[in-house]
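Residues per chain, in single letters:
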Amino acid sequence: MLQSQIDRIARATPPALAARVRGLSDRAIAWLFVAPSILLLLAINIFPLIWTIRLSFTNYRVNRPNQALEFIGLQNYTRILTDSDIWLSMQATAHFLIWTIALQVLIGFSLAYLINKKFRGNNLWTTIIVLPMMLSPAVVGNFWTFLYQPQIGLFNYAVSFVSGISPSSFSMIGSTTLAPWAIVIVDTWMWTPFVMLICLAGLRSIPTSIYEAAECDRASNWRQFWTITFPMVLPFLMLAVLFRGIENFKMFDLVVQLTGGGPGSITELTSINLKRAAFEQWRTGYASAYAVILFVTVFGLASIYVKALNKVKQR
Amino acid sequence: MSSYSVAEPSGAQKLVAGALVILYACITSLPLLWIIATGFKSPSDAIAYPPKVIFEPTVEGYVNLFTTRTRMPQEQLDALGPPQTWYDKIVRKDGVIITGASRFAGRFYNSVIIGFGSTALCIVLGTAAAYAFSRFKVPFKDDLLFFILSTRMMPPIAVAIPIFLMFRQLGLSDTHAGLILLYTAVNLSLSVWLLKGFIDEIPVEYEEAALIDGYTRFQAFYKVVLPQAATGIASTAIFCLIFAWNEYAFAVLLTSGTAQTAPPFIPTIIGVSGQDWPAVAAGATIFLVPVMVFTILLRKHLLRGITFGAVRK
């Protein structure tokens, strides 16, 4: 079907063009194949980034285009780095990042380890566990506000069913002590399967002959786990942490729908904070400087981490 | 003891492992089942205390999702006569009439165009670039590959401001083309890296044989390499689609009316008092179906894709 279509297109191509295409050298084809991707990335990733850096040194505001553009040097940067509100939102992000990664690694790895015991029907259950990942984070955040409602929410009801606390006595997203955990729970629910899949891939890549050799040497199960399983899955686990770390550092959609940064600004992660500055207060120059700081932070942390990852891989 | 194998866990181990995994799967699928169930509840059942597990199913949520309604006093309702259609009948008992179609169908259509459009574009560009990186001597190959990967680390909000300005300038804001290009650019790094891994695994000898048989480079590419890379392309497509389908931040900032996708729309579905949960749940369920079907069909390739092709099977 596809083949005949391709043939038809090939036949429909004017001979002059066909000859020209056929006559292309490998070098020309290489450039023809690579150029569109590079151009698109330059136009939609790199050019805007350079523009952001330029704007970060100005007092530009999108909602006042007629105002004279003034270069104000590092003023935006000094203002951000001395702002205590921004440090609070950095702290909120750190809390979110550390706990989601810790929980997802722990649960995700355990699940992968159990699934790798290859019990009957493990494929079906793996597919079921993976489903939350397919949902839209914004819709998930929105629907969980319903599950978190005191009294009628399923979550509160389930907690009261297990612990006996009255379901209307606490509000996960209304309380300043519980809200940071509310976002951690939803993110963990949604993304543990991702960590699990990567760990499972790691576990399946270990050749069984290694275990057979260990068995011959009478190594205990405990010892086999720590000297074979864990070190061999570690690079995969670290890859999972890298992906989740980058994603959660940028976290916006799920949390903005779930808590909107509240109550107060207790769950206002840096991306939400940045979006407010850029698209609600329209302080474009200031927000650009903020964006640059965030980008440098994530880029710096990620490259240190990738170095560590490569070291682990080489071992 | 002849059948004993250390690689094969014992029966007791399997039983315990299976029980624990099934327990987790049951707990973790509760919120998802709740979303699906809420879609078939009446608004009063949805907010009942204690939460109702057994209820009389109704498609009211789905009707509400696709329509706009207005409340009418009883005497005017009576004057209208009996309801004409089955969906009229469902809402009439709440004292409202249907005044028209909601914007959900349009938003869903936008999601289909943008989600599948950007996935297709991303696969085309990604396959071409990956093939070139895999087979030819591209100058500065490693630098270009790292450059492509590094674009993935950029927080979307960090580039949202200039993209917002740029799109406004070029007339791309709130258009299908604008979002398709944007999502393609965001997914391209993933697609190039994944596909390069897959194409690297295809032996070069196949193409060389084809070239000797008189095929051109292009023919060798689409007649020999493409069919071999099909599974890799499938798993890459899943990840591109999941991202483009569910993306929210860019969609909410760069679209408002004509090209808005479903994720920013679903949370704004409002009923008479606050959010209309059955309609929201119905929207979430319908929205999940295409990507779920796509994933289940291609689930065998999921594991390979997620690890950049590191695992063969």
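Because the structure is a prediction, the values reported are computed rather than measured. (Residues numbered from 1 in each chain as written. Chains lettered and ligands numbered in written order. Predicted model: local features only at pLDDT ≥ 70, side-chain atom pairs only at ≥ 80, totals over all residues.)

1. Looking at the overall build of chain B
The helix and strand inventory of chain B stands at 16 helices and 2 strands. Relative to a compact globule of 313 residues, whose C-alpha radius of gyration would be 20 Å, chain B shows 26 Å and is clearly more extended. If one aligns the C-alpha atoms of chain B with their principal axes, the spans along those axes are about 85 × 70 × 40 Å. Taking all 313 residues of chain B together, the buried fraction comes to 43%. Long-range pairs, those at least 24 residues apart, make up 76% of the contacts in chain B with a sequence separation of at least 6. (Helix = DSSP H or I, 4+ residues; strand = E, 2+ residues; numbered from the N terminus. Rg over C-alpha atoms; globule rule 2.2 N^0.38 Å. Buried ≥ 20, exposed ≤ 12 C-beta atoms within 10 Å, placed from the backbone. Contact = placed C-beta atoms within 7 Å.)

2. A few points about the overall build of chain A
Helix and strand counts for chain A stand at 14 helices and 0 strands. Over its C-alpha atoms chain A spans a radius of gyration of 26 Å, topping by over 25% the 20 Å that the globule rule assigns to 315 residues. With respect to the principal axes defined by its C-alpha atoms, chain A has extents near 70 × 55 × 45 Å. Counting the 315 residues in chain A, one finds 38% classified as buried. Partitioning the intrachain contacts of chain A with sequence separation of at least 6 by distance along the chain shows that 71% fall at a separation of at least 24.

3. Quick word on the interface of chain B and chain A
Contacts between chain B and chain A engage 81 residues on the former and 78 residues on the latter. Broken down by element, the residue count for the side of chain B that touches chain A peaks at 15 residues, all from helix 1 (residues 11–39) of chain B.

4. Looking at the domain arrangement of chain A
Assigned domains within chain A: domain 1 (2–55) and domain 2 (77–314). Placing a centre on the C-alpha atoms of domain 1 of chain A and another on those of domain 2 of chain A gives a separation of 38 Å. (Domains from an automatic or database assignment.)

5. Description of the packing of helix 7 (residues 137–147) of chain A against helix 15 (residues 277–297) of chain B
Interaxial distance between helix 7 of chain A and helix 15 of chain B falls to 11 Å at its minimum, and their mutual angle equals 145 degrees. Our pair here, helix 7 of chain A against helix 15 of chain B, has a crossing hand that is left-handed. Contacts between helix 7 of chain A and helix 15 of chain B involve V139, N142, F143 and F146 of chain A from the first element and W277, V280, A281, A284 and F287 of chain B from the second. (Axes fitted to C-alpha atoms, helices over the stretch in contact; angles between N-to-C directions. Left-handed = near helix turned anticlockwise from the far one by under 90°.)

6. Details of the domain arrangement of chain B
Residue and element names in this part refer to chain B. Considered domain by domain, chain B is made up of domain 1 (58–102) and domain 2 (105–306). If you look at the interface, domain 1 gives 7 residues, while domain 2 gives 8 residues. Looking at which element gives the most residues to the side of domain 1 that touches domain 2, the answer is helix 3 (residues 60–66), with 6 residues. Broken down by class, the residue content of the side of domain 1 that touches domain 2 amounts to 4 nonpolar, 2 polar and 1 charged. (Nonpolar A, V, L, I, M, F, W, Y, C, P; charged D, E, K, R; others polar.)

7. Considering the nonpolar core
Inside soluble globular proteins, nonpolar side chains tend to come together where they are buried. By size, the foremost hydrophobic cluster in this structure holds 152 residues, and its most contacted members are F143, C199 and A291 of chain A. When residues of this core are assigned to their parent elements, the largest contribution, 15 residues, is made by helix 9 (residues 179–204) of chain A. Not counting chain neighbours up to four residues away, the residues in contact with A291 of chain A comprise T52 and L274 of chain A together with I157, A158 and I161 of chain B. (Core = buried A, V, L, I, M, F, W, Y, C linked by C-beta atoms within 7 Å.)

8. Some remarks on the packing of helix 14 (residues 284–314) of chain A against helix 8 (residues 156–170) of chain B
The N-to-C vectors of helix 14 of chain A and helix 8 of chain B enclose an angle of 145 degrees; their axes lie 8 Å apart at closest approach. For the pair helix 14 of chain A and helix 8 of chain B, the sense of crossing is left-handed. Contacts between helix 14 of chain A and helix 8 of chain B pair T284, A287, S288, A291, L294 and F295 of chain A from the former with I157, A158 and I161 of chain B from the latter. By residue class, the composition of the contact of helix 14 of chain A with helix 8 of chain B is 7 nonpolar, 2 polar and no charged.

9. Brief notes about helix 14 of chain A
Taking 1.5 Å per residue as the helical rise, helix 14 of chain A with its 31 residues ought to reach 45 Å, and the 44 Å between its terminal C-alpha atoms agrees with that figure. Within helix 14 of chain A, burial applies to T284, G285, Y286, A287, S288, A289, Y290, A291, V292, I293, L294 and F295 of chain A. On its buried face, helix 14 of chain A sits against helix 3 (26–55), helix 4 (75–81) and helix 13 (270–279) of chain A together with helix 8 of chain B. (Expected span 1.5 Å × (residues − 1).)

10. Topic: unusual backbone geometry
Residue and element names in this part refer to chain A. Residues other than glycine seldom take positive phi values, yet K118 does so here, at roughly 55 degrees. Its place among the elements puts K118 in the loop between helix 5 (84–115) and helix 6 (122–130). With a phi angle near 60 degrees, R218 is a residue other than glycine that sits in the positive phi range. Within the secondary structure layout, R218 lies in the loop between helix 10 (208–216) and helix 11 (221–249).

11. A short note on the confidence of the model for chain A
This prediction gives chain A a mean pLDDT of 86; 92% of its residues lie at or above 70. Summarising per-element confidence for chain A, the mean pLDDT is lowest in helix 2 (residues 15–22) of chain A (52) and highest in helix 5 of chain A (94). (pLDDT = per-residue confidence, 0-100.)

12. Overview of the confidence of the model for chain B
Residues shown with low pLDDT carry predicted positions that ought not to be read at fine detail. Residue and element names in this part refer to chain B. Residues of chain B with pLDDT of at least 70 account for 93%, and the chain-wide mean is 84. Averaged pLDDT values for the elements of chain B fall to 61 in helix 16 (residues 302–306) and rise to 93 in helix 6 (residues 104–135). The low-confidence segment residues 309–313, where pLDDT is below 50, has 12 contacts with residues more than four positions distant or belonging to other chains. Interface predicted TM-score (ipTM) for the complex: 0.85; the corresponding pTM is 0.86.

13. Examining the environment of I148 of chain B
Relative to the helices and strands, I148 of chain B is located in helix 7 (residues 141–150). Residue class for I148 of chain B comes out buried when judged on the 24 C-beta atoms lying within 10 Å of it. Note: C-alpha distance between I148 of chain B and L188 of chain B (40 residues apart in sequence) is 7.9 Å. Non-local contacts of I148 of chain B, meaning those with residues more than four positions away in its chain, are made with L41 of chain A together with S189 and V192 of chain B.

14. With respect to the environment of L309 of chain A
Structurally, the position occupied by L309 of chain A is in helix 14. The spacing of L309 of chain A and L239 of chain A is 70 residues in sequence and 7.7 Å in space, taken between C-alpha atoms.

15. Structural notes on the environment of N66 of chain A
Looking at the element boundaries, N66 of chain A is found in the loop between helix 3 and helix 4. Considering only alpha carbons, one finds N66 of chain A and T259 of chain A, 193 residues apart in sequence, at a separation of 36 Å.

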